[in-house]
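Each chain, written out:
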Amino acid sequence: MKNHNICLLIALVTLIHSVAVGQGATQPPTLRVEGEVSQPLTLQSSDLAKINRIQVRATDHDGKEHGFSGFAVADILQKAGATMGSQLRGKNMNKYLLVRSKDGYQTVFSLAELDSSFTDHLILLADQEDGHPLPADKGPFRIIVPGEKKHARWTWGVTTFIVRSAKE
């Protein structure tokens, strides 16, 4: 009986250790911002919580209106030092944002599409839908583009923002 208890204790310690070193433990969701930015970032939910939270209502793929909550993509890019505002002119007008998802899907936005000095449209990095965290298959982050007729850029499972310049 004593050997049996020792075996159980060893199994328990091994399980606790494997969780502590990350085996089986889930990593917190992150968003990487990289490319032509002055300060590349890896943002977790706690970092995003320091950015102004915005709520929008928009019609999703299912044809129903939903409430989405998250962060203006432009605010995230400004935090990373992307070319925005008064700097977004001349040769900088060829800059764009490439959005990558965990499944390999990619979409593109010109920086002017995201900048409030060019447009009143808001593009959102959502982490909530109808007051709840996004479902696992659509999260942890999702791009919402209210008013677009097609939802091709409503990217699910967003992992990375990359700012680049278009080249000839």
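Because the structure is a prediction, the values reported are computed rather than measured.

## Notes on the nonpolar core
- In this structure, Val33, Ile76, Leu77, Ile143 and Phe161 are the most contacted members of the largest nonpolar core, which totals 39 residues.
- By residue number, the principal contributor to this core is helix H3 (residues 73-80), which donates five residues.
- When near neighbours in sequence (up to four residues on either side) are disregarded, Ile143 contacts Val73, Val99, Phe109, Ile123, Leu124, Leu125, Arg153, Trp154, Thr155, Val158 and Phe161.

## What about the sheet that holds strand E1 (residues 30-35)?
- With respect to topology, five strands assemble into an open sheet ordered E2-E1-E10-E5-E6, the strand pairing being mixed. Pairing within the sheet leaves two strands with one partner each, and these edge strands are strand E2 (41-44) and strand E6 (106-110). Across the sheet, the mean angle from the axis of one strand to that of its neighbour is 20°, orientation sign disregarded.
- Where E1 and strand E10 (residues 158-165) come together, four bridges link them in parallel fashion. Residue pairing for E10: Val33 is matched across the bridge by Phe161.

## Examining the pattern of salt bridges
- If you walk through the whole model with that rule in mind, you get eight salt bridges.
- One salt bridge in this structure joins Glu36 and Lys95, with 3.5 Å as the shortest N-O distance. With a gap of 59 residues between them, Glu36 in the loop between E1 and E2 and Lys95 in strand E5 (residues 95-101) connect regions that are remote in the sequence.
- Classification of Lys95 by relative accessible area gives buried; the value is 11%.
- One salt bridge connects Arg142 with Asp60, and the closest N-O pair in it is separated by 2.7 Å. Separated by 82 residues along the polypeptide, Arg142 in strand E9 (residues 142-144) and Asp60 in the loop between strand E3 (53-59) and strand E4 (65-72) bring together distant segments of the chain. For the pair Arg142 and Asp60, a shared accessibility class is recorded, and that class is buried.
- Through salt bridges with shared partners, a single ionic network connects Asp60, Glu129 and Arg142.

## Focus: the pairing of E6
- Here E6 shows a buried face lined by Thr107 and Phe109 and an unburied face lined by Gln106, Val108 and Ser110.
- One ladder, built from five bridges, connects E5 with E6; its direction is antiparallel. Within the sheet, the bridge partner assigned to Leu97 lies in E6 and is Phe109.
- Between E5 and E6, which pair antiparallel one after the other, the connecting turn spans four residues, and Gly104 there sits at a positive phi close to 95°.

## A word on the confidence of the model for the chain
- Averaged over every residue, the pLDDT of the chain is 87; residues scoring 70 or more account for 84%.
- Under a pLDDT of 50 for its full length, residues 7-24 has, in the predicted model, two contacts with residues more than four places off or in other chains.

## With respect to H3
- For H3, every residue scored as buried is listed here: Val73, Ala74, Ile76, Leu77 and Ala80. The buried residues of H3 occupy an angular sector of 160° when projected down its axis, which confines them to one face.
- In the segment just after H3, Gly81 is the residue with positive phi, at about 80°.

Scoring rules and cut-offs
- Residues numbered from 1 in each chain as written.
- Predicted model: local features only at pLDDT ≥ 70, side-chain atom pairs only at ≥ 80, totals over all residues.
- Heavy atoms only, no water.
- Core = buried A, V, L, I, M, F, W, Y, C linked by side-chain atoms within 4.5 Å.
- Buried < 20%, exposed > 50% of the residue type's maximum accessible area, 1.4 Å probe, protein only.
- Helix = DSSP H or I, 4+ residues; strand = E, 2+ residues; numbered from the N terminus.
- Contact = heavy atoms within 4.5 Å.
- Pairing = 2+ DSSP bridges.
- Axes fitted to C-alpha atoms, helices over the stretch in contact; angles between N-to-C directions.
- Salt bridge = Lys/Arg side-chain N within 4 Å of Asp/Glu carboxyl O.
- pLDDT = per-residue confidence, 0-100.
- Arc of directions from axis to C-beta.

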